[in-house]
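Spelled out from the first residue to the last, the chains are:
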Number of protein chains: 2
Amino acid sequence: MNEIRLIIADDHELFRNGLKELLKKYDDVHVVTCVADGVAFFEALDNEKNIDIVLLDIGMPHMDGFEVLNKIKALNASIKPIIISMHDDGNYIAKCAKSGAYGYLLKNTDQEELIKVIRIVSQGKKYFSPSISEKMINFMSVQSVSKDILSNKETEVLGLISEGLTTKEIAAKLFVSSRTIETHRANILKKLEVKNTAELIKKATQMNLI
Amino acid sequence: MNEIRLIIADDHELFRNGLKELLKKYDDVHVVTCVADGVAFFEALDNEKNIDIVLLDIGMPHMDGFEVLNKIKALNASIKPIIISMHDDGNYIAKCAKSGAYGYLLKNTDQEELIKVIRIVSQGKKYFSPSISEKMINFMSVQSVSKDILSNKETEVLGLISEGLTTKEIAAKLFVSSRTIETHRANILKKLEVKNTAELIKKATQMNLI
DNA sequence: AATAGTATCCGTATAAATACGGATATTATG
DNA sequence: CATAATATCCGTATTTATACGGATACTATT
């Protein structure tokens, strides 16, 4: 029988300890240690090896869950993070998915769900429950209103800008004068209510325009 | 009994007609019309009113599924698109979710799943099956390797750049000389292997850095 | 103690972007 | 048909960004 070794990272002592007690019931799960923030978590990770899973709270002091996720990802560590959050914002969920979370649970999840996700994730599979996925998908589509504020040409120019082409290069590519592209640029900035290229690309990305 | 009125948009005649036949079995579903591409779809939409759902193929000539999705979204139409695709790339799935799809089915889905999704979506709810969601989530986290290539200061500067601040403004904000920020900028461009701000912001977004 | 990485600063120069203001031909749209 | 939006073009001026090359002080790590 392979024991699942996990760490609990949550700044609420009661929750942390409760969770630990609760997991004692399951023979295949061993809570190696509990920590109260991201910094302590990485210290613990240095001492303990062969950790399979971390149950990770998002809202922690010092180094929050997002930072921990990103750092784990950067470290290329084999530990698989499961987020335990109070919030079911699609925003949060999508961020966690992007940052490499293997699961996302709400704090009011029932035990069956919790142990189920732990077991699935311990095998290296990701699991986001249908209701969580739904929240995320809804969020993803919320953004972006109108692709229509930009004209076709403007959209085309925006695409080329985002690829790093300069005004001159774009002009050459589209067989028009640089002044034309400059005008397009100016109009795009105006329409998206931004003041320079950096902000433009950021906003366009958010709006799903490129 | 509320009849579900739907349009089928797919460039493969056999598939289109087969689907239509198949849906005849269900009394609550009425296939209003079938079209072969996006342009024809919008023409049909002009003539027929009260369409609830469109079963939408991604790979169509003239105007493909993505474009149709985006246009529907822009129109703010009440019609709810369900994607029927041959591909289960997380990439495609995520794009569709972003573009407002209400469902995503593979072409080898079984009938039960199809009619189930149609009925769920007809009530205004989105439905992406667990296996489809999983593909998408896996894709989302694939990107981004190292937050570590940038130093702390560089990351900070990058964040401010992405908010549209100029070099001078950033310098003032961080109480250093403009030349320092210029150097940071140059180093960031070098590290991310891009040649200007536009490309920088795009790449940073993809890498989940901002 | 030495090395590597980071943060800070400087000069010179060119290229590119942004801010004004104005104009015409074509295409949609009411 | 008239109006509005679009794509195209132009000038002038200023501000920013990018490309070179070089330097010092601090920190952390070997």
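Residues numbered from 1 in each chain as written. Chains lettered and ligands numbered in written order. Predicted model: local features only at pLDDT ≥ 70, side-chain atom pairs only at ≥ 80, totals over all residues. Heavy atoms only, no water.

Taking an unreviewed UniProt entry as the reference, chain A is identified by name as Response regulator transcription factor belonging to Allotamlana fucoidanivorans.

1. Topic: the pairing of strand β3 (residues 53–57) of chain A
Note on strand geometry: in a regular strand, side chains alternate between the two faces of the sheet. All names here are of chain A. Put simply, the rule reads: Three labels apply to residues, based on accessible area from a 1.4 Å probe with only protein chains included: buried if under 20% of the type maximum, exposed if over 50%, partly exposed otherwise in between. Under the DSSP-based scheme used, a helix requires at least four consecutive residues in state H or I and a strand at least two consecutive residues in state E, with every element numbered from the N terminus. When DSSP locates at least two bridges between a pair of strands, those strands are taken to pair.
For β3, the buried fraction is high: five of the five residues fall into the buried class. Burial along β3 is two-sided: the residues Ile53, Leu55 and Asp57 and Val54 and Leu56 are all buried. In this structure, strand β1 (residues 4–9) lies alongside β3, joined through four bridges in parallel fashion. Each residue of the ladder has a partner; that of Ala9, found in β3, is Leu56. Note: β3 against strand β4 (residues 80–85), five bridges, orientation parallel.

2. So, the pairing of β4 of chain A
Residue and element names in this part refer to chain A. By the criterion of burial, β4 is predominantly enclosed, with six of the six residues buried. Neither face of β4 is left uncovered, since the one carrying Lys80, Ile82 and Ile84 and the one carrying Pro81, Ile83 and Ser85 both have all their residues buried. With four bridges connecting them, β4 and strand β5 (residues 103–106) associate as parallel partners. Bridge assignment links Ile82 to a residue of β5, and that residue is Gly103.

3. Brief notes about the sheet that holds β1 of chain A
Picture the strands of a sheet paired through backbone hydrogen bonds; they go either parallel or antiparallel. Residue and element names in this part refer to chain A. Worth spelling out the cut-off: Fitting a line to C-alpha atoms yields each axis, with helices limited to the stretch in contact; the angle taken between N-to-C directions then spans 0 to 180 degrees. Whether two residues are in contact is decided by their heavy atoms, any of which lying within 4.5 Å being enough.
Spatially, five strands are ordered β2-β1-β3-β4-β5 in an open sheet, and the strand pairing comes out parallel. Looking along the sheet, the strands with just one partner apiece sit at the ends: β2 (29–35) and β5. Neighbour-to-neighbour, the strand axes of the sheet open up by a mean angle of 25°, direction not taken into account. Here helix α2 (residues 38–47) sits on the sheet in contact with β1, β2 and β3, set at roughly 130° to β2.

4. Some points on the UniProt feature "modified residue: 4-aspartylphosphate" (unreviewed entry) in chain A
Residues and elements named next belong to chain A. Operational definition: UniProt positions are given in the numbering used here, feature names are shortened, and annotations may be inferred rather than shown by experiment.
Within this structure's numbering, the places UniProt gives as "modified residue: 4-aspartylphosphate" (unreviewed entry) are Asp57. In this structure, Asp57 sits in strand β3. A relative accessible area of 3% places Asp57 in the buried class. Each residue touching Asp57, except ones within four places of it in the same chain, is listed here: Ala9, Asp10, Asp11, His12, Gly65, Ile84 and Lys107.

5. Brief notes about the side chain of Ser162 of chain A
Selection rule: For the purposes of these results, a polar contact is taken to be a pair of N or O atoms within 3.5 Å, where, inside protein, one atom must be able to donate a hydrogen and its partner to accept one; residues adjacent in sequence count only when each atom of the pair is a side-chain atom.
Mapped onto the elements, Ser162 of chain A comes out in helix α7 (residues 152–162). On the basis of relative accessible area, Ser162 of chain A is assigned to the buried category, the value being 2%. Here the side chain of Ser162 of chain A touches Gly159 of chain A through a polar contact of 2.7 Å, landing on its backbone oxygen. Ignoring any residue separated from it by four or fewer positions in sequence, one finds Ser162 of chain A in contact with Ile201 and Ile210 of chain A together with Ala198, Glu199 and Lys202 of chain B.

6. With respect to the relation of the copies chain A and chain B
Put simply, the rule is: C-alpha atoms of residues with pLDDT of at least 70 in both copies form the basis for the least-squares superposition of the copies.
Each copy superposes on the other: chain A lies on chain B with an RMSD of 0.3 Å after a rotation of 180° and an axial shift of 0.1 Å. What the superposition gives is, in effect, a two-fold axis relating one chain to the other. Take the interface residues of chain A: 100% of them recur as interface residues in chain B, which is what a same-surface contact looks like.

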